[in-house]
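Residues per chain, in single letters:
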Amino acid sequence: MPKDYSRSLRIADQIQRELADLIRNELKDPRIGMVTLTGVEVSLDYTHAKVFYTTLGSESDNFLTDKGLEHAAGFLRSHLLHRLKLRVVPQLHFIYDVSVERGIRLSQLIDEAVAQEGSVKETDEG
């Protein structure tokens with residue numbers, strides 16, 4: 001079983017690299033701007049792949065990007081067929097990754113807490 005698990009990880013990594021290249025160089029959809037693929041999870045039977053992505057745009061830009069990626073899924077899958085040496089190329093499901101936004105928000109909260117703690121110490125000492 002561990003050998004199969006590592007194979008699925010290698011396939012997921014290869015899909016992520018190829019999709020990033022395809023989105024950057026082949027996709028001409030204006031709805032899809034600066035997209036960063038943060039990860040890919042492949043099902044055990046290799047028929048489905050969850051592709052996690054993030055953008056630097058607003059919420060409305062994210063909606064447009066999501067629609068653009070959904071629309072381009074067939075195109076991207078057909079190009080993956082030619083680039084990957086697999087019998088089955090997985091069906092692509094694009095999912096917006098909120099972990100980057102959460103990380104930024106947590107970092108801001110930590111910075112605010114540290115700043116408040118510093119100001120409380122200054123008033124206590126003064």
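Everything discussed here concerns the structure shown above.
In this text the structure is predicted, and so the values were computed from the model without any measurement.

Caption draft 1: Highlighting the environment of tyrosine 53. By the secondary structure assignment, tyrosine 53 is in strand E2 (residues 48-55). The exposure class of tyrosine 53 is buried, given its relative accessible area of 0%. Each C-alpha atom, one on tyrosine 53 and one on threonine 36, is 5.5 Å from the other, the two residues being 17 residues apart in sequence. Each residue touching tyrosine 53, except ones within four places of it in the same chain, is listed here: Val35, Thr36, Leu37, Thr38, Asn62, Thr65, Asp66, Leu69, Phe94, Ile95, Tyr96 and Asp97. Only 3.3 Å separates the side chain of tyrosine 53 from the side chain of aspartate 66, close enough to count as a polar contact.

Caption draft 2: View of the packing of aromatic side chains. Scanning the model with the defined rule gives one aromatic pair in all. Geometrically, the ring pair formed by tyrosine 53 and tyrosine 96 is edge-to-face, given 5.6 Å between the ring centres and 75 degrees between the ring planes. Remark: tyrosine 96 occurs in strand E3 (residues 91-96) and tyrosine 53 occurs in strand E2; sequence separation between them is 43 residues.

Caption draft 3: Up close: the sheet that holds E3. Across the sheet, three strands lie side by side as E1-E2-E3; this open sheet has mixed pairing. The open sheet has two edge strands, strand E1 (35-42) and E3, and neither has a second partner. Ignoring which end each strand starts from, the neighbouring axes of this sheet average 25 degrees apart. Taken together, the six bridges between E2 and E3 define a ladder with parallel strand orientation. When the bridges of E3 are listed, valine 51 appears paired with phenylalanine 94. Strands in contact with helix H2 (residues 59-83) are E1, E2 and E3; relative to E3, the strand with the most contacts, it is inclined by about 155 degrees.

Caption draft 4: Structural detail: the pattern of salt bridges. All told, the structure shown has four salt bridges when counted by the stated rule. A salt bridge links glutamate 18 to arginine 83; the nearest nitrogen and oxygen atoms lie 2.8 Å apart. Here arginine 83 lies in helix H2 and glutamate 18 lies in helix H1 (residues 2-25), a separation of 65 residues in the sequence. Between aspartate 21 and arginine 83 there is a salt bridge; the shortest N-O distance is 2.7 Å. Note that aspartate 21 is positioned in helix H1 and arginine 83 in helix H2, a separation of 62 residues in sequence. Through salt bridges with shared partners, a single network forms among Glu18, Asp21, Arg24 and Arg83.

Rules used throughout
Residues numbered from 1 in each chain as written. Predicted model: local features only at pLDDT ≥ 70, side-chain atom pairs only at ≥ 80, totals over all residues. Heavy atoms only, no water. Helix = DSSP H or I, 4+ residues; strand = E, 2+ residues; numbered from the N terminus. Buried < 20%, exposed > 50% of the residue type's maximum accessible area, 1.4 Å probe, protein only. Contact = heavy atoms within 4.5 Å. Polar contact = N/O pair within 3.5 Å; in protein donor to acceptor, adjacent residues only side chain to side chain. Phe/Tyr/Trp six-rings, centres within 6.5 Å; stacked < 30°, edge-to-face > 60°. Pairing = 2+ DSSP bridges. Axes fitted to C-alpha atoms, helices over the stretch in contact; angles between N-to-C directions. Salt bridge = Lys/Arg side-chain N within 4 Å of Asp/Glu carboxyl O.

Keep in mind that these numbers describe shape and distance, not what the molecule does.
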